[in-house]
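One-letter residues, chain by chain:
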Amino acid sequence: MHPDLRRALDDIEASTSALDENQMCWHRPGKWSAAEILEHLTKAFTGTTYVMTRALDQGQSKARPDTFSQRFGAFVVVTLGYFPTGRAAPEPTRPSGAAPADAGRAIREALVELDQVCARSADRFGERVKVSNHPILGAFTVRQWRRFHRIHTRHHMKQIARLREQMP
């Protein structure tokens, strides 16, 4: 597994391995539970896998030109490693109520699939060719996608750590 995605998996394991089903479901009003965070990340991983697979199947990049604000946002997140808070997740990645017992298994499977499609995309297009677009941050290379998912996962594992501190 690529080091960025391995770190994401390690962070997930460290943050959630000791949580029981009740703890996975606990949340503050208006906030996501640990299970919902895992479901959100799973949907983010599978979304990237989907768009990269389409590019591979069609033999060409699916990237569209970036705007200045997308390039700036990508620089902040991917290069600087800062994931801003307060922005709503894109609709397709919002949790829909997956069972907590399934959340751990599903996220691991999705991360393995993402790693495999990233490796295939890097072989086909190279590490530096923009392969597909993030819905907010614009076109990413394979390298940027891996880094994005590492930073995005770290952001949400911090949320789970805060949840754990607040649990009754």
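Before any of the text, the structure's been laid out above.
The structure reproduced in this document is the subject of the present report. Not measured: the values here are computed from a predicted model. (Residues numbered from 1 in each chain as written. Predicted model: local features only at pLDDT ≥ 70, side-chain atom pairs only at ≥ 80, totals over all residues. Heavy atoms only, no water.)

Overview of the layout of surface pockets
Of the volumes computed, that of the largest pocket is approximately 1,100 Å³. Along the walls of the largest pocket sit 43 residues, with His-40, Phe-83, Arg-87, Ala-89 and His-152 positioned nearest its centre. Secondary-structure elements contributing two or more residues to the lining of the largest pocket are helix 3 (34-58), helix 4 (68-79), strand 1 (130-134) and helix 6 (142-166). The leading source of residues in the lining of the largest pocket is helix 6, at nine residues. The class makeup of the residues in the lining of the largest pocket is 19 nonpolar, 18 polar and six charged. (1 Å grid on protein atoms, 1.4 Å probe; cavity = no way out; pocket = protein on both sides within 12 Å on 5 of 7 lines; lining within 4 Å. Points joined across faces, edges and corners; volume = space filled by probe spheres on them. Helix = DSSP H or I, 4+ residues; strand = E, 2+ residues; numbered from the N terminus. Nonpolar A, V, L, I, M, F, W, Y, C, P; charged D, E, K, R; others polar.)

Some details on the packing of aromatic side chains
By the definition in use, this model includes four aromatic pairs. Relative to Trp-145, the ring of Phe-140 lies with its centre 4.8 Å away and its plane at 75 degrees, an arrangement referred to as edge-to-face. Both residues of the pair, Phe-140 and Trp-145, count as buried. Where Trp-145 meets Phe-148, the ring centres are 6.1 Å apart and the plane angle is 90 degrees; that geometry is what we call edge-to-face. Pair noted here: Trp-145 and Phe-148 are both in helix 6, with a separation of three residues, about one helical turn. For the pair Trp-145 and Phe-148, a shared accessibility class is recorded, and that class is buried. One aromatic cluster is present, formed by Phe-83, Phe-140, Trp-145 and Phe-148 through successive ring pairs. (Phe/Tyr/Trp six-rings, centres within 6.5 Å; stacked < 30°, edge-to-face > 60°. Buried < 20%, exposed > 50% of the residue type's maximum accessible area, 1.4 Å probe, protein only.)

Focus: the side chain of Glu-39
Mapped onto the elements, Glu-39 comes out in helix 3. Looking at Glu-39, the relative accessible area reads 8%, which means it is buried. At 3.0 Å, the side chain of Glu-39 and the backbone nitrogen of Ala-98 are in polar contact. Residues in contact with Glu-39, not counting those within four places in the same chain, are Pro-95, Ser-96, Gly-97 and Ala-98. (Polar contact = N/O pair within 3.5 Å; in protein donor to acceptor, adjacent residues only side chain to side chain. Contact = heavy atoms within 4.5 Å.)

Brief notes about a nonpolar patch on the surface
A surface patch of nonpolar side chains, about 330 Å² in accessible area, is lined by Phe-75, Leu-80 and Tyr-82. Position of Leu-80 relative to the elements: it lies in the loop between helix 4 and helix 5 (100-125). Residue Leu-80 is classed as exposed on the basis of its relative accessible area of 55%. (Patch = residues over 30% accessible without salt bridge, like charges linked within 9 Å, V, L, I, M, F, W, Y side chains within 5 Å. Areas by Shrake-Rupley, 256 points an atom, 1.4 Å probe, with all protein chains shown as cover. Salt bridge = Lys/Arg side-chain N within 4 Å of Asp/Glu carboxyl O.)

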